[in-house]
Amino acid sequence: RLLLDASEHHRWMIGRLLHRVRHIAQPAASQVPAATAGWGSRARVSHQHQTFQRRSAASAATMPKMSDTDKYLFDLHGVVVVRGVLTQEEVAAANAAIDKHLSEFKVREDNELRNTASGTPFAGDGKTPRLDLGGMLGWPAPDNEVFRKILAHPKLVPYLTELCGEGYRLDHQPLLIASEKGAEGFSLHGGSMDPEGNYVPYLAYHCMHGRMYNNLLACSVSLVDHPKGSGGFVCVRGSHKANFKIPKSLINGEEDPGDCLYHPETKAGDVILFSEGTVHGASAWQMDYQRRLALYRFAPATVAYGRAYHPTWPAEYTDGATEAQLAVMQPPYNVRLDRKVVKGLEEEEEPKLEVKSRSAKKKEFDGDVFGTKYF
């Protein structure tokens, strides 16, 4: 009864006490005193415990994590900036690849495709549209390499794992966004409450027992500098926890939310991670050079919003991809069902994979019951 009710530490102490009692009660099989044998056994346990601690510390040292500061700020604001994810060489390679595909950008000029209300602060000059382009995961190598690297980038894996859980997955097709000076931004949107005040679970954020859960996480990779006053991404900090719908006057920028509206200044190569439960948008682009970013959305292993993965991603997206990149492109299912999970190591090392499985006996039994490999 004591062993059932006790904590792990107490169970260890009780076990040691019972061991000592049994040892003392038995006839001596050698000339070694019982007390001496007890201390030797304790020394062996202590040595094993110290060895375990060293191994655990070594393992932790090779598994980078999202810092406590970044976790606190993300939970507080619903957004965090990861600096210097891409090198200058990688930024240059990404932009050179985009230059080859400039003619393929699609123009959002139809009124139904515009992202702002005419005449509102986010609308820019009212004439210059935003440009969108997809498909870069399927571009011929080496033009696809930087864009594929984001899926399991050593600097991002700890953040994506912390914010979406192990087994995080690519949910939407990645998108390139480009804007010329004066181009419209995007009215405030997203959030866990829709314009009618209804809860939106597929965008929602919550934190429980010290763990953060984002049902949809955006990853915006800056490919040009976004200095103060340049325009571009904005969000309402803390709105991922809002319990009321956002007023229309704030959606269109007609009313100033003050310091709550956050425009992070970024350098090319920085990455903005934000919950889709955080109300966000973009102000009109003000710089003389073209705005460029690559936008990804990730989700937990068991959550899906998009459906580009079904029945499979386009073959050109997966041909030549690394095992880690393919793992991130798996469809949604639980990590216990032989899911390949990306594990981060040191920042400069390629991520490794770990397969999460149920016991072989249970899997065999499921096959007998259902006639299929998985239930």
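Residues numbered from 1 in each chain as written. Predicted model: local features only at pLDDT ≥ 70, side-chain atom pairs only at ≥ 80, totals over all residues. Heavy atoms only, no water.

### Some thoughts on the overall build of the chain
- A tally of regular secondary structure across the chain gives 11 helices and 16 strands.
- If you take every contact in the chain between residues at least 6 apart in sequence, the share linking residues at least 24 apart comes to 80%.
- Looking at the chain as shown, the accessible area adds up to about 20,500 Å², and 55% of this sits on carbon and sulfur atoms. (Helix = DSSP H or I, 4+ residues; strand = E, 2+ residues; numbered from the N terminus. Contact = heavy atoms within 4.5 Å. Areas by Shrake-Rupley, 256 points an atom, 1.4 Å probe, with all protein chains shown as cover.)

### With respect to the packing of aromatic side chains
- Tallied over the full model, the rule gives 8 aromatic pairs.
- Their ring planes at 85° and their centres at 5.7 Å tell us that tyrosine 168 and phenylalanine 298 sit as a pair that is edge-to-face. Here tyrosine 168, found in the loop between α7 (157-164) and β4 (169-170), pairs with phenylalanine 298, found in strand β14 (residues 291-299); they are 130 residues apart in sequence, far enough to count as distant.
- Residue classification places tyrosine 168 among the buried residues on the basis of a relative accessible area of 2%.
- Residue classification places phenylalanine 298 among the buried positions, given a relative accessible area of 0%.
- Chaining the aromatic ring pairs together yields one cluster made of Tyr168, Tyr296 and Phe298.
- Over the ring of tyrosine 309 we find arginine 169; its NZ or CZ atom is 4.9 Å from the centre of that ring.
- Positioned over the ring face of tyrosine 333 is arginine 339, at 4.7 Å from the centre of the ring. (Phe/Tyr/Trp six-rings, centres within 6.5 Å; stacked < 30°, edge-to-face > 60°. Buried < 20%, exposed > 50% of the residue type's maximum accessible area, 1.4 Å probe, protein only. Lys NZ or Arg CZ within 6 Å of the ring centre and 35° of its normal.)

### Quick notes on the pattern of salt bridges
- All chains considered together, the criterion is met by 20 salt bridges.
- Ionic pairing is found between glutamate 162 and arginine 211, a salt bridge with its closest N-O pair at 3.9 Å. Remark: arginine 211 occurs in strand β8 (residues 211-214) and glutamate 162 occurs in helix α7; sequence separation between them is 49 residues.
- On the basis of relative accessibility, which here comes to 35%, the residue arginine 211 falls in the partly exposed class.
- Residue lysine 181 is joined to aspartate 288 by a salt bridge in which the shortest nitrogen-to-oxygen separation is 3.1 Å. Taken as a pair, lysine 181 in the loop between β5 (175-179) and β6 (186-189) and aspartate 288 in the loop between β13 (280-283) and β14 lie far apart in primary sequence, 107 residues in all.
- One connected set of salt bridges, linked through shared partners, spans Glu166, Lys343, Glu354 and Lys356. (Salt bridge = Lys/Arg side-chain N within 4 Å of Asp/Glu carboxyl O.)

### Considering the nonpolar core
- Grouped together as the largest cluster of nonpolar side chains are 50 residues, with contacts concentrated most on Phe147, Leu176, Leu273, Tyr296 and Phe298.
- Per-element tally for this core: the top contributor is α7, with 5 residues.
- Apart from residues lying up to four places away in sequence, tyrosine 296 is in contact with Phe147, Ile150, Leu151, Leu170, Pro174, Leu217, Ala218, Cys219 and Val221. (Core = buried A, V, L, I, M, F, W, Y, C linked by side-chain atoms within 4.5 Å.)

### Here we look at a nonpolar patch on the surface
- Side chains of Phe365, Val369, Phe370 and Phe375 sit close together on the surface and give an oily, nonpolar patch of about 460 Å² of accessible area.
- For phenylalanine 370, the location among the structural elements is in helix α11 (residues 360-370).
- A residue is classified by how much of its surface remains accessible, and phenylalanine 370, at 48% relative accessible area, is partly exposed. (Patch = residues over 30% accessible without salt bridge, like charges linked within 9 Å, V, L, I, M, F, W, Y side chains within 5 Å.)

### Quick look at the pairing of strand β3 (residues 131-134)
- Here 2 bridges tie strand β2 (residues 106-107) to β3, and the two strands are oriented antiparallel to one another. Pairing of lysine 106 across the sheet is with aspartate 132, part of β3.
- In terms of strand pairing, β3 meets β5 through 4 bridges, oriented antiparallel. Bridge pairing links leucine 133 to leucine 176 in β5. (Pairing = 2+ DSSP bridges.)

### Focus: unusual backbone geometry
- Cis geometry marks the peptide bond from alanine 141 to proline 142, where omega comes out at 5°.
- With respect to the element layout, proline 142 can be found in the loop between β3 and α6 (145-149).
- With an omega of -5°, the peptide bond running from histidine 310 to proline 311 counts as cis.
- Mapped onto the secondary structure, proline 311 falls in the loop between β14 and α9 (315-318).

### So, the side chain of arginine 291
- Inspection of the secondary structure puts arginine 291 in strand β14.
- Buried arginine 291, no salt bridge; nearest opposite-charge side chain is aspartate 132, N-O distance 8.7 Å.
- Setting aside chain neighbours within four positions, we find arginine 291 in contact with Ile177, Ala178, Ser179, Val224, His226, Gly232, Phe233, Ala282 and Trp285. (Lys, Arg positive; Asp, Glu negative; His and termini not counted.)

### Concerning the confidence of the model for the chain
- On average, residues of the chain score 86 in pLDDT, and 82% of them are at 70 or above.
- Low confidence marks residues 1-61, where pLDDT is under 50. Its contacts with residues over four positions away, or in another chain, come to 19 contacts. (pLDDT = per-residue confidence, 0-100.)

### A word on the sheet that holds β13
- Spatially, β6-β13-β10-β11 is the arrangement adopted by the 4 strands of the open sheet, whose pairing is antiparallel. Taken across any chain shown, the strands that pair with only one partner, and hence form the sheet edges, are β6 and β11 (261-262).
- Where β6 and β13 come together, 2 bridges link them in antiparallel fashion. Opposite phenylalanine 186, over in β13, you have alanine 282 as the bridge partner.

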